[in-house]
Amino acid sequence: MIYNERELRKQSVQAMAEAIMVAARTAPKAKGRDLVEVAMITDEHIEQLSQTMIQMSNESGMKFLLRDAANILQAEAVIIIGIKQEDSECGLNCGYCGYDRCDKKPDYTPCVMNGVDVGIAIGSACSKIADLRLDSRVLFSAGWAAKRLDILDGAGLVFAIPVTAASKNPFFDRKSPVTR
């Protein structure tokens, strides 16, 4: 049997994306609390994410959303990483969020440690992506749209990482948006 890489690329990238999700999951967490949520979307869900980004651009006037909406369509999979909102205080009373005590922090203000946890999970995912030699880019924009679509079931601080295998990374050297 002869297998051509071009014919297997999509399923290969999606299988590697599963390993990337595991890397994000196993990243260290503040106080050992695992509030990180990770998912992978493909095919029609990438289309839906792109359409949501276009809608968000139309609402906000932020043109970079249009660029990124077109850009994610080149992905075989998009990894979504965020943090659960419930029980969002760490209880350290560190003041890093701007409040002296966790119980003084408004619910809409995220715990900084949760943001650090998401960042470490993204770093672990990107490290695995580099090990696998896949093309990727961390996108706030697609994560913002994924949050609107509630892909991670109520998670906040959501980011997205489109992945593919191409002869040149399509997620870099992109045309800059005209405004904003």
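Residues numbered from 1 in each chain as written. Predicted model: local features only at pLDDT ≥ 70, side-chain atom pairs only at ≥ 80, totals over all residues. Heavy atoms only, no water.

Undergrad: Explain the overall build of the chain to me, please; I cannot follow it from the model alone.
TA: Secondary structure summary: the chain contains five helices and four strands in total. Beginning at the N terminus, the succession of helices and strands in the chain can be written as α-β-α-α-β-α-β-α-β. Its C-alpha radius of gyration of 17 Å places the chain within 12% of the 16 Å reference for a compact globule of 180 residues. In terms of overall dimensions, the chain has a C-alpha envelope of 60 × 40 × 25 Å along the principal axes. Sorting the 180 residues of the chain into buried and exposed places 41% on the buried side. Long-range pairs, those at least 24 residues apart, make up 74% of the contacts in the chain between residues at least 6 apart in sequence. Summed over its atoms, the accessible surface of the chain is roughly 9,800 Å², and 51% of this surface lies on carbon and sulfur atoms. (Helix = DSSP H or I, 4+ residues; strand = E, 2+ residues; numbered from the N terminus. Rg over C-alpha atoms; globule rule 2.2 N^0.38 Å. Buried < 20%, exposed > 50% of the residue type's maximum accessible area, 1.4 Å probe, protein only. Contact = heavy atoms within 4.5 Å. Areas by Shrake-Rupley, 256 points an atom, 1.4 Å probe, with all protein chains shown as cover.)

Undergrad: So what exactly am I meant to see when it comes to helix H3 (residues 64-71) here?
TA: Each turn of an α-helix holds 3.6 residues, which means side chains three or four residues apart point in the same direction. Turning to H3, its buried residues number three or more, namely Phe 64, Leu 65, Asp 68, Ala 69 and Asn 71. Burial along H3 is one-sided: seen end-on, the buried residues are contained in an arc of 160 degrees. (Arc of directions from axis to C-beta.)

Undergrad: Is there a simple way to explain the packing of helix H2 (residues 43-60) against H3 in this structure?
TA: Angle between the axes and distance between the axes are the two parameters that describe a pair of packed helices. One way to put it is that H2 packs onto H3 with a least axis distance of 8 Å and a crossing angle of 170 degrees. With respect to H3, the element H2 is oriented roughly antiparallel. Touching Ser 50, Met 53, Ile 54, Met 56, Ser 57 and Ser 60 of H2 are Leu 65, Leu 66, Asp 68, Ala 69 and Ala 70, all from H3. The residue makeup of the contact of H2 with H3, split by class, is seven nonpolar, three polar and one charged. (Axes fitted to C-alpha atoms, helices over the stretch in contact; angles between N-to-C directions. Parallel < 35°, antiparallel > 145°, perpendicular 65-115°, else oblique. Nonpolar A, V, L, I, M, F, W, Y, C, P; charged D, E, K, R; others polar.)

Undergrad: What should I look at first to understand the nonpolar core in this one?
TA: In globular proteins that are soluble, nonpolar side chains generally tend to be buried together. With 22 residues, the main nonpolar core has Leu 49, Met 53, Ile 72, Val 78, Ile 80 and Ala 142 as its most contacted residues. At the level of secondary structure, the elements contributing two or more residues to this core comprise strand E1 (36-41), H2, H3, strand E2 (77-83), helix H5 (140-148) and strand E4 (156-164). Counting residues per element, this core draws most heavily on H2, at four residues. Those residues in contact with Met 53 that lie beyond four places of it in its chain are Leu 65, Asp 68, Ala 69, Ile 72, Ser 141, Ala 142 and Ala 145. In terms of nonpolar packing, the next biggest core, distinct from the first, is built from 20 residues, Val 13, Ile 20, Ala 24 and Ile 122 among them. (Core = buried A, V, L, I, M, F, W, Y, C linked by side-chain atoms within 4.5 Å.)

Undergrad: Is there a simple way to think about the side chain of Asp 68 in this case?
TA: With respect to the helices and strands, Asp 68 occurs in helix H3. For Asp 68, a relative accessible area of 3% puts it in the buried group. Apart from the residues lying within four places of it in its own chain, the contact partners of Asp 68 are Met 53, Leu 139, Ser 141 and Arg 174.

Undergrad: Can you walk me through the side chain of Thr 109 in this structure?
TA: As for its placement among the helices and strands, Thr 109 is situated in the loop between E2 and helix H4 (112-132). Residue classification places Thr 109 among the buried residues on the basis of a relative accessible area of 11%. For Thr 109, the contacting residues outside a window of four places in its chain are Cys 97 and Tyr 99.

Undergrad: Explain the sheet that holds E4 here, please?
TA: Remark on secondary structure: sheet strands pair via backbone hydrogen bonds, oriented parallel or antiparallel. Taken together, the four strands give an open sheet; going across it, the order is E1-E2-E4-E3, and neighbouring strands pair in antiparallel fashion. Only two strands of the sheet have a single neighbouring strand rather than two, namely E1 and strand E3 (135-136). Taken together, the six bridges between E1 and E2 define a ladder with antiparallel strand orientation. By the bridge assignment for E2, Val 38 is matched with Ile 81. In the packing of helix H1 (residues 5-25) onto the sheet, the strands contacted are E1, E2 and E4, and the crossing angle to E1 comes to about 175 degrees. Here H4 sits on the sheet in contact with E1, E2, E3 and E4, set at roughly 5 degrees to E4. (Pairing = 2+ DSSP bridges.)

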